[in-house]
Amino acid sequence: MLLAIDMRHVGTVVGLFSGKGSHASLVRRWRVRTDPAATADELSMTIRGLLGPHIESVTGIGALSTPPSVLRELRAMLAEDFGTVPSVVIGPGVRTGVPLLVDNPREVGADRIVNALAAFESCGGACIVVDVSTSICVDAVSAGGEFLGGAIAPGLQLATEALISRAGLRDVELLRPRSVVGKSSVEAVQAGAIFGFAGLVDGLVDRVRRTFADRDGDPVVIATGDQAGLIVPETSTIERHEPGLTLEGLRLAFERDRHRRR
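Just so it is clear, the structure is predicted and the values come from calculations on it, not from any experiment. (Residues numbered from 1 in each chain as written. Predicted model: local features only at pLDDT ≥ 70, side-chain atom pairs only at ≥ 80, totals over all residues. Heavy atoms only, no water.)

Caption draft 1: Local environment of the overall build of the chain. Summing up its helical and strand segments, the chain has seven helices and 10 strands in all. A globule of 262 residues ought to have a C-alpha radius of gyration of about 18 Å, and the chain, at 19 Å, matches this closely. Taking the principal axes of the C-alpha coordinates as reference, the chain spans close to 60 × 45 × 35 Å. Of all intrachain contacts in the chain linking residues separated by at least 6 positions in sequence, the fraction that spans at least 24 positions is 59%. Surface summary for the chain: the accessible area is close to 12,900 Å², and the carbon and sulfur share equals 50%. Distance between charge centroids for the chain: 1 Å, based on 28 positive and 31 negative side chains. (Helix = DSSP H or I, 4+ residues; strand = E, 2+ residues; numbered from the N terminus. Rg over C-alpha atoms; globule rule 2.2 N^0.38 Å. Contact = heavy atoms within 4.5 Å. Areas by Shrake-Rupley, 256 points an atom, 1.4 Å probe, with all protein chains shown as cover. Lys, Arg positive; Asp, Glu negative; His and termini not counted. Charge placed at Lys NZ, Arg CZ, Asp CG, Glu CD.)

So this is what it looks like as C-alpha cells:
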C-alpha cells in the first residue's frame, strides 16, 4: 500500500492507497493539525497512530511539506522510521514529469506541482487548478501537461482571522449565511468570506482562462483543498470538485519516480 502525506501550514492530510496505476484506489484518508514545531519523533507518533495495523502494509511513500521547518523533520522521520521503504519527497530536483514553464522552477510549491500532475491525468488536457487551503492558488496547466504559472491569494481562514483580529470582532465559524445581506456581524463576516472568495475565485479563473492559447482549447476547472467545499457551491466557474487531488498527485509522482529508477 502507498502512504501519501500532504503537509500544509495549517493541516496535514494523510492517505492510504491500495493497488497501482489505473487500479489504485484511496482506501483511507485522515486530516490532522500541522504543528510547525513538531519533531521527527512526534511526526512518527502521529503517522503510526493513524495507520495502526496498516503500517506493516506500507510499501511506498509519497510526501510533501510546504512549511520548510516541517519538511526537514519529515525527511528525518522517513529516514529513521521508514528507511527500508521506498519514498519520494516532492521538492526541487525531483522529477515529476511536469515541465515548469516559469521564471524560477525552484520557487514553485510541491503542492502546486502534484496538483497539476493529477489534474492533467484526470482531464487529459488543459486545465485550471483551484486549491483552496491556507492560500488560494489558481494555476494553469497546458494541453501538453505543462505548468504555466498562476495566481496566489490569501485563504478564507487566513483572511477572516486577520479581519477579526484587526477589527476586534468576535470569532466566526466559516459557514454559508442565510443571505449575502447579513443580519448580524457574524453573518456579515460569513457573507464576505464565502461569497466574497467565491467571487474572487471566479474572477481569477476567468482571467486565467483568457491567457490560454487557441491550441489548448477551453480548460477544465478543477477545485481541491480542505476549504474548497465552502465556496465551490457558490462559484460559477468550478466544473469539478476533487478533494483527493493532491494525494492522487503524490501517488502519481511516486509511481513515476519508481518507473524512472527501474
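Further notes follow.
Caption draft 2: Broad picture of the side chain of Thr-160. Among the secondary structure elements, Thr-160 is positioned in helix H4 (residues 156–167). By relative accessible area, Thr-160 is classed as buried at 5%. At 2.7 Å, the side chain of Thr-160 forms a polar contact with the backbone oxygen of Leu-156. Thr-160 has contacts with Leu-174, Val-189 and Ala-193, leaving out every residue within four places of it along the chain. (Buried < 20%, exposed > 50% of the residue type's maximum accessible area, 1.4 Å probe, protein only. Polar contact = N/O pair within 3.5 Å; in protein donor to acceptor, adjacent residues only side chain to side chain.)

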